[in-house]
Amino acid sequence: MQNDSRKTCEVCVIGSGPGGAITAALLAEAGMAVILLEEGPFLSQETCAPFSVQEMTMKYRNGGITPAFGKPKVTYVEGCCVGGGSEINSGLYHRTPPAVLESWQKEFALKEASVQAMEPYFARCEAELSVSTMPYSAPAPSLKLHQGATALGWKSMEIPRWYKYEIDSSQASGYLPVRQSMTRTFIPRFLAAGGTIIADTKAHRLLRGSNATWEVNALQKKSQEPINISAEHVFICAGAIQTPLLLLRSHLGSNVGRSLQLHPTIKITAEFPEVINTKDLGVPVHQVKEFSPRLSFGCSISSPPYLALGLLESERAEYAAVASQRMANYYAMITSSARGRISSLPGYDDPLVRYNLQENDFRVFKEGFTKLSQILFESGAVRLFPAVQGVAPVSSPDELPRLLASVVPSKTNVMTIHLFSACPMGEDKSKCALNSFGQLHDLKNLYVNDSSMLCSAPGVNPQGSVMAFARRNVLHFLESRRKA
Amino acid sequence: MIDSLFNATVSALCYSLLEPAYKGTEPNTGVLNQVADFALDQHSRMPDFLRLPFKLVCLFFVFETFILSGTLFHRQTLAWRRSRIQSWKNSKLSPKRDFIKFFDSLAWLSWYGFQPQESASPASLNAK
Ligand SMILES: Cc1cc2nc3c(=O)[nH]c(=O)nc-3n(C[C@H](O)[C@H](O)[C@H](O)COP(=O)(O)OP(=O)(O)OC[C@H]3O[C@@H](n4cnc5c(N)ncnc54)[C@H](O)[C@@H]3O)c2cc1C
C-alpha cells in the first residue's frame, strides 16, 4: 500500500463491486496501471457468517438502513466492502432476457447489444464465475415453491449460481458450497496483475485536471486523510446510487440520477406442518418465471432473524422461536416502470433517494400476493404471514380477500435488493447519460461501468447483466485504445 | 444529557418491544443489552440526514410520555410502555409509525441474531 496522499495512475476505478472488480482486473491484465478505490473495508468471505447480523454491520451500506422515500417507502440494501454486493448476495445468475435487450436497443438506441453480440460476454462470465446448478438436492423451502408452482402448471426452475462445490465429507450434502464473489475471483486476479487497491477510502468529487487528466478527490474513512488521484481515465463503478451521486456532486454529465429503477418486492412467511428449515439451509435456488418479467416468485433467506422480520407485521415475531423449523420466507418481485431520483443534499454525505411506485404496481402486488399464496397453499402451507401491517395470518385461499383489502401503500412493506439504471447507456442523448459503451456523453475519458448503466430494470437478478456489459465495455475501451 | 436520555429511551424501547419473547421467563439480559447496543449503533450508521430527525422524534416521544404520565419513558412500567408503543404503532402519522417500526425490526432481528446457537433453535415444534 502507498502512503503519500497524491497518486498517479493510468486508470482509476471507483468501487469494487461486480462492475468495478471486473473492470479493474481486465484493465490491469491488459497491462495498464490501475488504482481501485473502495469505500468499504477489505474483508474476506470468512470474516462473518453469511446473512448474519454481523454481516449487516460489517459489509452493508449504512448497516442496511437505506430507505427510498415515496408512498410507500421502499427499503433497499447495498454492499459496502471490497467486492460490493457480490460479497453479500445469493449468487443467483441470469442472462439479460432477449426481450429486454431488444427494448434497450429500440428505446435507448443502444448499439451492439443483440443476443448474438452479447453471447460471448455472458459465456465468459459464466465460465469465470463457475456458474452452475447444485450437484445435490435444493433446500426444502425451495422445493416447496417448485412443487406448488408445478402443480399449478406454472413454469418454475432451479436458477444457476456463481458457486463452486468442493467435495467435503463433513457436510451433510457431501459438498461445501463456495460463493464466487469478487474477493474470490476478480479481486485476486486484479492484484496478481499488479493492480493497487485502496480500501476504506471514499471518492468525494471528480475534477478535470491538467493535460486532459481527471483528479479524484477521496478521503480515507478512518484517518480522514485526503487522497488525490490523478488518472488519465476514470471508471465510476460505485453502484446504482453512489455512481450518480458522485457525478451529481461533481456537476458532471446529463440525465444522471433521474431514472433509477428497481425491482419492488413484497414478502410472505409461510408455515408448513412439517420440518422444512434447518440451520444449514443455505440459499434457496428456485424461481417461478411463468409471469416474468411482470412478476416472479422465489424463496429468500429464512434464518430465525429474517423469519422474525417476516412475522413482524402480523405482530408474531416471537413465533419464530417456536416454529422456525417449519417456516420459510418467500417473495414476489415485480418489474415496475416507475423511475426514481437521486439527489445530493448540501452538507450531507448520504443521498436522498426518492421513488414512487405507480398506481398499477399495487394491482400487480395484489396479483403477486394471490398467486404466491396459491403456490404456497398448493405445496402444503398451513398458514401465511404476509408482510402487510396489521393483517392476521391467512389460513386458506378463502381468506385472501381480507389480505388483498389491506394491500395499500400505507400498510404494505416493500423492499428491494436490485437497483439500477440511474445513468442509462445508449445513443439517445435525450434520456441517456452514457454512450453505448459506458462513456459519459461528451466527456472524454470518463466512464460508468456498473448497475447504473443498465437502461432499465432487467426483470431478473441483475449481476449477470452488470458483469457482461462491464466486460463488453472494457474490451471496447481497450480495442479503441489499441486502434488509436 | 440529550444523548443519555436518547440511549435510555432506546434501551427501554428494545426491552419493551421484545417482551413477548421473554414473557413469563427470566430475560437473558446479556442478549437484551446487546440488542440495545445494536439499535444505538444502527442509529449512528443510518443515513446522516436522518439521524437528527430520528433523535428529535425520540425526544418528542419522551416528551409526550412525560406530559401524559409525569415520568420519563424508561422509568415507566412495562405494561404502560407497551401501551404507548402500541399507540404510536397504530398512529395515523407516519413518522410515529416509522420510529417504532425502525426499533421493532432492529430489536427482533438482533434478538434472534445474538441468541447463543442452542437457544436460538426452536424450543418446541408444537403449532400455536
Ligand atoms: C442482499 C443482496 C442479495 C442479492 N442477490 C443477488 C443475486 O442473487 N443475483 C444477482 O444477480 N444479484 C443480486 N443482488 C444484486 C447485486 O449484488 C448487484 O446488482 C450488484 O452487486 C451491483 O454491482 P455494482 O458493481 O453495480 O455495485 P455494487 O455491488 O453496489 O458495488 C459498488 C461498490 O462501490 C463502492 N463505493 C460506492 N461509492 C463509493 C465511493 N464514493 N468511493 C469508493 N467506493 C465507493 C461500494 O462500497 C461498493 O463496494 C443482490 C444484492 C443484495 C444487496
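Residues numbered from 1 in each chain as written. Chains lettered and ligands numbered in written order. Predicted model: local features only at pLDDT ≥ 70, side-chain atom pairs only at ≥ 80, totals over all residues. Heavy atoms only, no water.

Colleague: Would you take a moment to explain the overall build of chain B for this structure?
Modeller: When you go through chain B residue by residue, the secondary structure sums to 7 helices and 0 strands. Helices and strands appear in chain B in the N-to-C order α-α-α-α-α-α-α. Computed over the C-alpha atoms, the radius of gyration of chain B is 15 Å, within 12% of the 14 Å expected from 2.2 N^0.38 for a compact globule of 128 residues. Across its three principal axes, chain B shows a C-alpha extent of roughly 40 × 30 × 30 Å. The buried share among the 128 residues of chain B stands at 45%. A separation of at least 24 residues holds for 68% of the contacts in chain B among residues at least 6 apart in sequence. (Helix = DSSP H or I, 4+ residues; strand = E, 2+ residues; numbered from the N terminus. Rg over C-alpha atoms; globule rule 2.2 N^0.38 Å. Buried < 20%, exposed > 50% of the residue type's maximum accessible area, 1.4 Å probe, protein only. Contact = heavy atoms within 4.5 Å.)

Colleague: Hey, could you run me through the sheet that holds strand S5 (residues 131–132) of chain A in this one?
Modeller: Adjacent strands of a sheet pair through backbone hydrogen bonds, lying either parallel or antiparallel. Judged by pairing direction, the sheet is antiparallel, and its 3 strands sit side by side in the order S5-S7-S8 (chain A) without closing on themselves. The outermost strands of the open sheet, each flanked by one partner alone, are S5 and strand S8 (175–179) of chain A. (Pairing = 2+ DSSP bridges.)

Colleague: I would appreciate a short explanation of the packing of aromatic side chains in the present structure.
Modeller: Two aromatic rings are characterised by how far apart their centres lie and by the angle between their planes. Here the structure, examined in full by the defined rule, presents 26 aromatic pairs over all chains. Ring plane angle 85° and centroid distance 5.9 Å describe the contact between Tyr-136 of chain A and Tyr-165 of chain A, whose orientation is recorded as edge-to-face. With Tyr-136 of chain A in the loop between S5 and helix H5 (140–151) and Tyr-165 of chain A in strand S7 (residues 161–167), this residue pair connects regions lying 29 residues apart in the sequence. The exposure class of Tyr-165 of chain A is buried, given its relative accessible area of 15%. The interplanar angle of 80° and the centroid separation of 4.7 Å between the aromatic rings of Phe-61 of chain B and Trp-88 of chain B together place this pair among those described as edge-to-face. In this pair, Phe-61 of chain B is assigned in helix H4 (residues 48–69) and Trp-88 of chain B in helix H5 (residues 78–89), connecting sequence segments 27 residues apart. Note on accessibility: Phe-61 of chain B and Trp-88 of chain B belong to one class, buried. Among the aromatic side chains, those forming a connected cluster through ring pairs are Phe-54, Phe-60, Phe-61, Phe-73, Trp-88, Phe-99, Phe-102 and Phe-103 of chain B. When the ring centre of Tyr-163 of chain A is taken as reference, the NZ or CZ atom of Arg-161 of chain A above it lies at 3.8 Å. One Lys or Arg, Arg-316 of chain A, reaches over the ring of Tyr-319 of chain A and ends 5.8 Å from the middle of that ring. (Phe/Tyr/Trp six-rings, centres within 6.5 Å; stacked < 30°, edge-to-face > 60°. Lys NZ or Arg CZ within 6 Å of the ring centre and 35° of its normal.)

Colleague: Please clarify how the nonpolar core should be interpreted in this entry.
Modeller: Nonpolar side chains in soluble globular proteins tend to end up buried together. The biggest cluster of nonpolar side chains holds 77 residues, and the ones touching the most others in it are Leu-27, Val-234, Leu-446 and Phe-469 of chain A. Per-element tally for this core: the top contributor is helix H12 (residues 463–483) of chain A, with 8 residues. Not counting residues within four places of it along the chain, the set of residues in contact with Leu-446 of chain A comprises Leu-206, Trp-214, Val-234, Ile-236, Leu-247, Leu-252, Gly-438, Gln-439 and Leu-440 of chain A. Val-53 of chain A together with Met-46, Phe-99 and Ala-107 of chain B belong to the second largest nonpolar core, which has 61 residues in total. (Core = buried A, V, L, I, M, F, W, Y, C linked by side-chain atoms within 4.5 Å.)

Colleague: Quick question: what am I supposed to make of the pairing of strand S1 (residues 6–14) of chain A here?
Modeller: Two faces belong to every sheet, and in a regular strand the side chains alternate between them. All names here are of chain A. Direction of pairing for S1 relative to strand S12 (residues 226–236): parallel, over a ladder of 8 bridges. Its bridge partner lying in S12, Val-11 is registered against His-233. By the bridge criterion, 4 bridges tie S1 to strand S2 (residues 34–37) in an arrangement that is parallel. Each residue of the ladder has a partner; that of Val-11, found in S2, is Val-34.

Colleague: What am I meant to see in the environment of Ser-11 of chain B here?
Modeller: One can find Ser-11 of chain B in helix H1 (residues 2–17). In this structure Ser-11 of chain B comes out as partly exposed when scored by relative accessible area, which is 22%.

Colleague: Is there a simple way to explain a nonpolar patch on the surface in this structure?
Modeller: All names here are of chain B. Together, Phe-60, Phe-63 and Ile-67 give the surface a local cluster of nonpolar side chains, amounting to about 330 Å² of exposed area. Its place among the elements puts Phe-60 in helix H4. With relative accessibility at 41%, the residue Phe-60 sits in the partly exposed group. (Patch = residues over 30% accessible without salt bridge, like charges linked within 9 Å, V, L, I, M, F, W, Y side chains within 5 Å. Areas by Shrake-Rupley, 256 points an atom, 1.4 Å probe, with all protein chains shown as cover. Salt bridge = Lys/Arg side-chain N within 4 Å of Asp/Glu carboxyl O.)

Colleague: How should I be thinking about the side chain of Asp-361 of chain A in this particular structure?
Modeller: All names here are of chain A. Among the secondary structure elements, Asp-361 is positioned in helix H10 (residues 359–378). It turns out Asp-361 is buried and unbridged, and the closest side chain with the opposite charge, Arg-363, is 8.7 Å from it. Apart from residues lying up to four places away in sequence, Asp-361 is in contact with Ile-334, Ser-336 and Ala-338. (Lys, Arg positive; Asp, Glu negative; His and termini not counted.)

Colleague: Explanation requested: the interface of chain B and chain A in the structure shown.
Modeller: A common way to state how big an interface is: give the accessible area lost once the parts meet. Facing 37 residues of chain B, the contacting portion of chain A comprises 40 residues. Both faces considered, chain B and chain A share a buried interface measuring about 3200 Å² in area, 61% of it formed by carbon and sulfur atoms. At the boundary of chain B with chain A, the tally comes to 3 salt bridges. With a closest N to O distance of 2.5 Å, Asp-98 of chain B and Lys-73 of chain A form a salt bridge. At the boundary of chain B with chain A, the tally comes to 12 residue pairs in polar contact (both at pLDDT 80 or more). (Buried area = accessible area lost by both parts, 1.4 Å probe. Polar contact = N/O pair within 3.5 Å; in protein donor to acceptor, adjacent residues only side chain to side chain.)

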